[in-house]
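# Summary of the model geometry
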Amino acid sequence: MDYRMETRCCHKVTEIVEEHPFGAVSVPIYQTATFAHRGIGESTGHDYSRVSNPTRDELEHTVSSLEGAVDTLACASGMAAVSLVLELFEKGAHMVCSEDLYGGSVRIFSAVGERRGLQFSYVNTADETLVEAAIRPETKALYIETPSNPTMQITDLRAMKSLADRYHLFLIVDNTFLSPYFQRPIELGADLVIHSGTKYLAGHNDTLAGFVCTSDKELSERLRYLYKTVGNGLSPFDSYLTLRGIKTLAVRMERQQENAMVLAKWLKSQEKVRQVFYVGLPEHPGYEVNQRQSDGAGSMISFTVDTEETARRILERVKLIVYAESLGGVESLITYPMLQTHSDVPEEVREHLGITGCFLRLSVGIEHVEDLIADLSQAMEAMEERPERMTKAEGEEKNNV
Ligand SMILES: *Cc1c(COP(=O)(O)O)cnc(C)c1O
C-alpha cells in the first residue's frame, strides 16, 4: 500500500521493521551496546550497535521512505553525516560546491577534506554556466544546498543532474532546509542526500542527528562499510527522539511555512528592513525554479536591516524569539550569521555573499504568528524608547540632536 507522506511520518512504514515486544506502538529504545547470539552463526539480525540497532533501524527506514531512498544511515549529527560522505572520496578528488554552504560544511571541507588531499571550488550554483566552468578532469561531485544557507539561493536540481550525468559526477544535496516533506532530491536524480536531522526532522531543538540517504545499493554498501568502521552512528535514545519528532513533521512544516509567509510579508513592510530573502515570495529570484522542484518554500527567512546597530539591538531585545544558533524547531530562533553559523567563512567570502553586520536569519516556529510579529515589532521599536540601554556616547549624541 502506497501511503502518503503525512501517514508515513507517523506510522511504522515497512514490513521490514519487526513487531515490537508487547505490541508497543512507540518504538522501544533498545539501549544496548551488543546483542546475544542464540548459537554459533545465529545472529538476531543485530550484533553490535555501532553497526546496527533496532531503534535506529526504524528511524532509518522511516527517513528512507520519506526521501524515496534505497537506504539511509543515521549519524550522530549533520556534520557526522557530511564527514561520512567525505570518506567516499580519494585523494585528489575535487568537488564543486554551492558558495554559501552551511558554515560547518565549509569548515570540514577546509580543515579535514583539504588536509586529506580533497579539493573544493565554491560557485553560485544557481548559475549553471558557473558550475560547468568550475568542473575539472578530477571533479567527482557536485555538492548543493538549495535553498542555500543563509542567503536562500535556489539551485536547479534537474540542471545539476544533467551536468552530473554529462561529466560522470555524484550529485550530493544537503536537503536540511526543506526536509523531505517539501523536497525529495533523489526523485530529481541526486545520488546522495544529506540532512542535519537536528533541524526540521527532529524538530524540537532537543537532539542532534544527521542522515545520509542513498539512491543505489552499491553506494549504500560502501557507506555501510565506512559507517561501521568509522563509527558515525546515532545513539538509540537520540534515534528515538528523532523518530518521535518525525511523527509531526508534516503538521509542523505546514504551520511553520504558513507563519513564515505572514512574517516575510510583514518584514517587507517595516521601515528598518531593507531586504527580505524568503523563497515563498514571488519576487525571490529562485521562486519559479523552487516551485518546479519542491512542494514548498519552508520557513527560513533572512533579512537585512538599515544598520548594524539595528541588527544588534533586535538580537538583544527579542523576548519570545530565541537568539540562538540552529533552525527548524518548533521554537522560533534568530541568528547572526556573521558571528555565529558563518564565522569560519573567510571575511571576503562573507562580504561577497552579503553576510554583513546588517544580515539576520530567522527560523520560524509554530507559535501564533501574531506573537512573533509583536515580539519583532517591540524589538525594533524599542530602539528609540529605551535610552537606558544606550551607551553613554550614544546617549550624548542623541541629546545633541
Ligand atoms: C546544521 C546544519 C548542518 C550540520 O548539522 P549538525 O546537526 O549541526 O551537525 C549541515 N547542513 C546544514 C544545512 C545545516 O543547517
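Our subject is the structure that appears above.
Everything in this summary refers to the structure shown in the same document. Just so it is clear, the model here is predicted, and its values are computed rather than measured. (Residues numbered from 1 in each chain as written. Predicted model: local features only at pLDDT ≥ 70, side-chain atom pairs only at ≥ 80, totals over all residues. Heavy atoms only, no water.)

With mixed pairing, the 7 strands of this open sheet are ordered in space as 1-7-6-5-4-2-3. Among the strands making up the open sheet, the edge pair consists of strand 1 (71–75) and strand 3 (119–123). The sheet shows a mean angle of 20° between the axes of neighbouring strands, direction not considered. Inspection of the sheet shows strand 2 (residues 94–98) paired to strand 4 (residues 139–145) by 4 bridges, in the parallel sense. Looking at strand 4, one finds that His 94 is bridged to Thr 139. (Pairing = 2+ DSSP bridges. Helix = DSSP H or I, 4+ residues; strand = E, 2+ residues; numbered from the N terminus. Axes fitted to C-alpha atoms, helices over the stretch in contact; angles between N-to-C directions.)

The next point concerns the pairing of strand 4. By the criterion of burial, strand 4 is predominantly enclosed, with 6 of the 7 residues buried. Here strand 4 runs beside strand 5 (residues 170–174); their pairing, made up of 5 bridges, is parallel. By the bridge assignment, Ile 144 is partnered in strand 5 with Val 173. Viewed along the sheet, the connection from strand 4 through helix 6 (residues 157–167) into strand 5 turns out right-handed. (Buried < 20%, exposed > 50% of the residue type's maximum accessible area, 1.4 Å probe, protein only. Right-handed = clockwise from strand over helix to strand, strands pointing away.)

Moving on to the sheet that holds strand 9 (residues 300–305). Strand order across the open sheet formed by 5 strands is 8-9-12-11-10, with mixed pairing between neighbours. A single partner strand is all that each edge strand has here, and the edge strands are strand 8 (273–277) and strand 10 (322–323). As judged from the 5 bridges shared by strand 9 and strand 12 (residues 359–363), these two strands associate in the antiparallel manner. Each bridged residue has a counterpart across the sheet, and for Met 300 the counterpart in strand 12 is Ser 363. In this fold helix 10 (residues 249–268) packs onto strand 8, strand 9 and strand 12, with an angle of close to 10° to the strand it touches most, strand 9. (Contact = heavy atoms within 4.5 Å.)

Another aspect to go through is unusual backbone geometry. At the junction of Thr 146 and Pro 147, the peptide bond is cis and its omega measures out at -5° in the coordinates. Within the secondary structure, Pro 147 is located in the loop between strand 4 and helix 6. A cis amide bond links Asn 149 with the next residue in sequence, Pro 150, at an omega value of 5°. For Pro 150, the location among the structural elements is in the loop between strand 4 and helix 6. Of note, Phe 22 is a non-glycine position whose phi angle comes to about 60°, a positive value. With respect to the helices, strands and loops of the structure, Phe 22 is situated in the loop between helix 1 (5–10) and helix 2 (54–67). The backbone of Ser 326 shows a phi angle near 90°, a positive value even though the residue is not glycine. Examined against the element boundaries, Ser 326 turns out to sit in the loop between strand 10 and strand 11 (333–335).

Glancing now at the packing of aromatic side chains. For the structure on display, the rule yields 6 aromatic pairs. Ring centres of Phe 109 and Phe 120 lie 4.4 Å apart, and the angle between their planes is 5°; this geometry places the pair in the stacked category. Separated by 11 residues along the polypeptide, Phe 109 in helix 4 (residues 103–113) and Phe 120 in strand 3 bring together distant segments of the chain. Across this residue pair, the class does not change: Phe 109 and Phe 120 are buried. The interplanar angle of 40° and the centroid separation of 5.8 Å between the aromatic rings of Phe 277 and Phe 359 together place this pair among those described as tilted. Separated by 82 residues along the polypeptide, Phe 277 in strand 8 and Phe 359 in strand 12 bring together distant segments of the chain. The same class applies to Phe 277 and to Phe 359, which are both buried. (Phe/Tyr/Trp six-rings, centres within 6.5 Å; stacked < 30°, edge-to-face > 60°.)

With that out of the way, let us pick up the site of the ligand. With respect to spatial proximity, 13 residues lie near the ligand, and among them Gly 78, Asp 174, Ser 196, Thr 198 and Lys 199 are the closest. A distance of 2.9 Å separates an oxygen atom of the ligand from a polar atom in the backbone of Met 79. With respect to the ligand, the side chain of Ser 196 contributes an N or O atom lying 2.8 Å from an oxygen atom. Summarising the interface, the protein chains cover 93% of the accessible area of the ligand, which totals 380 Å² for the free molecule. The residue inventory of the shell around the ligand, partitioned by class, reads 5 nonpolar, 5 polar and 3 charged. (Near = heavy atom within 4 Å. Polar contact = N/O pair within 3.5 Å; in protein donor to acceptor, adjacent residues only side chain to side chain. Areas by Shrake-Rupley, 256 points an atom, 1.4 Å probe, with all protein chains shown as cover. Nonpolar A, V, L, I, M, F, W, Y, C, P; charged D, E, K, R; others polar.)

Once that is clear, we can look at the environment of Asp 191. Following the sequence through the fold, Asp 191 ends up in the loop between helix 7 (179–182) and strand 6 (192–196). Residue class for Asp 191 comes out buried when judged on its relative accessible area of 16%. In the structure, Asp 191 is positioned 28 residues away from Leu 219 in sequence and 8.6 Å away in space, judged by C-alpha atoms. Those residues in contact with Asp 191 that sit more than four places away from it in its chain are Leu 169, Phe 170, Leu 171, Cys 213, Thr 214, Ser 215 and Leu 219.

Time to look at the pattern of salt bridges. Tallied over the full model, the rule gives 14 salt bridges. Two residues, Glu 87 and Arg 116, come together in a salt bridge whose shortest N-O distance is 3.8 Å. Of the two residues, Glu 87 sits in the loop between helix 3 (78–86) and strand 2 while Arg 116 sits in the loop between helix 4 and strand 3, which places them 29 residues apart along the sequence. Note on Glu 87: relative accessible area 32%, which makes it partly exposed. Two residues, Arg 184 and Glu 187, come together in a salt bridge whose shortest N-O distance is 3.2 Å. For Arg 184, a relative accessible area of 16% puts it in the buried group. (Salt bridge = Lys/Arg side-chain N within 4 Å of Asp/Glu carboxyl O.)

Along helix 9 (residues 236–246), 8 of the 11 residues are buried, which leaves the element largely enclosed by surrounding structure. Considered for burial, the residues of helix 9 that qualify are Pro 236, Ser 239, Tyr 240, Leu 241, Thr 242, Leu 243, Gly 245 and Ile 246. Along its buried surface, helix 9 packs onto helix 1, helix 2, strand 7 (210–214) and helix 10.

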